[in-house]
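Below are the chains, spelled out letter by letter.
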Amino acid sequence: MTAPFEPFTPANGSGGHRRAQEWSWEEDRSWNQQPQQQQPAYDPWGQQQQPQQQQWAPEPQWAQQQQQQQQQQPQQPQWSQPVYEAPQQPVYEPAPALAPKRARGRTIVIGLVAALLLVTGWQAFRVETMIRSSNDLATAVNAEQGRSQELEKQLATVFDPEGIAKSVLPSVFRVRAGDFTGTAFAVGQANGRTNLFTNFHVVEEVWTGGDRAVSLERGNTRIDATIIKVSEGKDLALLRTNTDITPLGVAADEVKPGQQVMVVGAPLGLEDSVTTGVISAYRPDAEDGPTIQFDAPINPGNSGGPVVNSSKKVVGLATAKARDAEGIGLAIPIETACRTLGACGNG
């Protein structure tokens, strides 16, 4: 289909003609006008642009028809001629930090948590070590306590004459009963008074004469005492004084041969004398009753004196010695004396 306006389309191959609706060449003066020269646009790159081609104004009717078509058709976007500007110097900006503040804060928190965990682990290790050390120490202490008890037992069996004498002598006195002397020792207290044991044959003269008063002597000390009770068959006598005297302890165990003992007394009137020896034998079925045999030297005046073991406990009363023999002494078991006279201990 041919456009309604084709002013340059040839007809019949012999030249062109103008339609009736078209204007003549003479009437269209725009064709005779010379194209205006335009100033060359500024070339930012230093080159001069080519002169723009001359534009011809269309015929009025053609322009009117073209305007109508443009109104009917959607308007095409208009493109403006690019404006060239001089290149600008590039501006450099600093690169962003590698770790933002939030990341740094998170890193710090993680570090603190890790440090706390390390400290907690170290404390737990220290506590466990201390607990183990405490257990080891407790085990060692228990072992040492056991050893200490064993040592105490061993020390109890160690015979210390000096220590025994120092502990026993203050409770032992020389007894003067008429013309006879012997030994007595404190065994208990009752109602502010002190009970003492001795042999009957020591106080026999006073007792048979109807008198009951005897005296206890030790150095410059003289204490009055009274005969309270006697046993002629057991050769025992109980004395009592109002003076406070420290009593000696009584051994509960039965003596055995070989045990070391000390005899304290006043042989021949010599007060505060001590001799040592061992238990030679224990004779429970002797004719005069149970008897302890020992080899510690004794003499007249030792009668009624205490026979003491290594624990500073009284095991018997020295009573007699064999005539025409050496190293044979006899003692009455303390258990027999306590049972017979009933005055051992407090009460």
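Per an unreviewed UniProt entry, the recorded name for the chain is Serine protease, and the organism is Actinoplanes lobatus.

Some details on the nonpolar core
Ranked by size, the top nonpolar core spans 23 residues in total, and within it Val168, Phe185, Phe197, Leu317 and Ile334 carry the most contacts. The element best represented in this core is helix H5 (residues 334–341), accounting for four residues. Apart from the residues within four sequence positions on either side, Ile334 is in contact with Phe185, Phe197, Val250, Ala251, Val314, Val315, Gly316 and Leu317. In terms of nonpolar packing, the next biggest core, distinct from the first, is built from 19 residues, Leu196, Val203, Ala237 and Leu239 among them.

A look at the state of the cysteines
Put plainly, a disulfide is one covalent bond tying together the sulfur atoms of two cysteines. Across all of its chains, the model carries one disulfide by this definition. Shown here is the disulfide that connects Cys338 with Cys344, its sulfur atoms set 1.7 Å apart. Every disulfide takes its handedness from the sign of the S-S torsion; for Cys338 and Cys344 that torsion is -90 degrees, giving left-handed.

Topic: the confidence of the model for the chain
Per-residue pLDDT for the chain averages 80, and the proportion of residues at 70 or more is 69%. For the chain, per-element mean pLDDT is lowest for helix H1 (residues 60–72), which scores 58, and highest for strand S11 (residues 306–308), which scores 98. Per-residue pLDDT stays below 50 along residues 44–49; that stretch engages in seven contacts with residues further than four places along the chain or on separate chains.

Quick notes on the side chain of Asn199
Within the fold, Asn199 resides in the loop between strand S3 (193–198) and helix H4 (200–208). Taking relative accessible area as the criterion, Asn199 reaches 0% and is therefore assigned buried. In this view, Asn199 contacts Asp235, Leu236, Ala237, Ser303, Gly304, Ala318, Thr319 and Ile332; residues no more than four positions away in its chain are not counted.

A short note on the pairing of strand S12 (residues 313–321)
Relative to S12, strand S7 (residues 249–250) runs parallel, the two being bridged by two bridges. When the bridges of S12 are listed, Gly249 appears paired with Lys313. Here S11 pairs with S12 via three bridges, running antiparallel. If you follow Pro306 over to S12, its bridge partner there is Leu317. In this structure, the hairpin formed by S11 and S12 is closed by a connection of four residues, where Lys312 is found at a positive phi of approximately 65 degrees. Pairing geometry for S12 and strand S13 (residues 329–333), over five bridges, is antiparallel. Paired with Leu317 across the strands is Ile332, a residue of S13.

Things to note about the pattern of salt bridges
On inspection of all chains with the given rule, the structure shows eight salt bridges. With a shortest N-O distance of 2.7 Å, Glu128 and Arg132 are connected by a salt bridge. You can see Glu128 and its partner Arg132 sitting in helix H2 (residues 101–157), four residues apart, about one turn around the helix. Taking the relative accessible area as the measure of exposure, Arg132 reaches 52% and is therefore exposed. In this structure, the salt-bridge partner of Glu217 is Arg174, at a minimum N-O distance of 2.9 Å. Residue Glu217 is found in strand S4 (residues 213–218), and its partner Arg174 is found in strand S1 (residues 172–177); the two are separated by 43 residues along the sequence. For the pair formed by Glu217 and Arg174, the shared burial category is buried.

Some details on the packing of aromatic side chains
In this structure the tally under the stated criterion is two aromatic pairs. The residue whose ring lies beneath Arg212 is Trp207, and the NZ or CZ to ring-centre distance is 3.7 Å.

Points about empty space enclosed by the protein
Taken as a whole and judged by the stated rule, the model has one cavity of 30 Å³ or more. If you trace the largest cavity, you find it lined by Leu169, Val172, Phe173, Arg174, Glu217, Arg218, Val264, Gly265, Ala266, Glu271 and Asp272. Considering every element that reaches the lining of the largest cavity, the biggest residue donor is S1, with three residues. Classifying every residue of the lining of the largest cavity by side-chain character gives five nonpolar, one polar and five charged.

Remarks on a nonpolar patch on the surface
A cluster of nonpolar residues, Val109, Val113 and Leu117, forms a patch on the protein surface that exposes about 280 Å² of accessible area. Among the structural elements, Val113 can be located in helix H2.

A look at the sheet that holds S3
Strand order in this closed barrel of six strands is S1-S2-S3-S6-S5-S4, and the pairing throughout is antiparallel. For this sheet the average axis-to-axis angle between neighbouring strands, irrespective of direction, equals 40 degrees. Sheet analysis places strand S5 (residues 221–231) next to strand S6 (residues 236–241), joined by five bridges and oriented antiparallel. Bridged to Thr226 within S6 is Arg240.

Reading the values: the criteria
- Residues numbered from 1 in each chain as written.
- Predicted model: local features only at pLDDT ≥ 70, side-chain atom pairs only at ≥ 80, totals over all residues.
- Heavy atoms only, no water.
- Core = buried A, V, L, I, M, F, W, Y, C linked by side-chain atoms within 4.5 Å.
- Buried < 20%, exposed > 50% of the residue type's maximum accessible area, 1.4 Å probe, protein only.
- Helix = DSSP H or I, 4+ residues; strand = E, 2+ residues; numbered from the N terminus.
- Contact = heavy atoms within 4.5 Å.
- Disulfide = S-S within 2.5 Å.
- pLDDT = per-residue confidence, 0-100.
- Pairing = 2+ DSSP bridges.
- Salt bridge = Lys/Arg side-chain N within 4 Å of Asp/Glu carboxyl O.
- Phe/Tyr/Trp six-rings, centres within 6.5 Å; stacked < 30°, edge-to-face > 60°.
- Lys NZ or Arg CZ within 6 Å of the ring centre and 35° of its normal.
- 1 Å grid on protein atoms, 1.4 Å probe; cavity = no way out; pocket = protein on both sides within 12 Å on 5 of 7 lines; lining within 4 Å.
- Points joined across faces, edges and corners; volume = space filled by probe spheres on them.
- Nonpolar A, V, L, I, M, F, W, Y, C, P; charged D, E, K, R; others polar.
- Patch = residues over 30% accessible without salt bridge, like charges linked within 9 Å, V, L, I, M, F, W, Y side chains within 5 Å.
- Areas by Shrake-Rupley, 256 points an atom, 1.4 Å probe, with all protein chains shown as cover.
- Axes fitted to C-alpha atoms, helices over the stretch in contact; angles between N-to-C directions.

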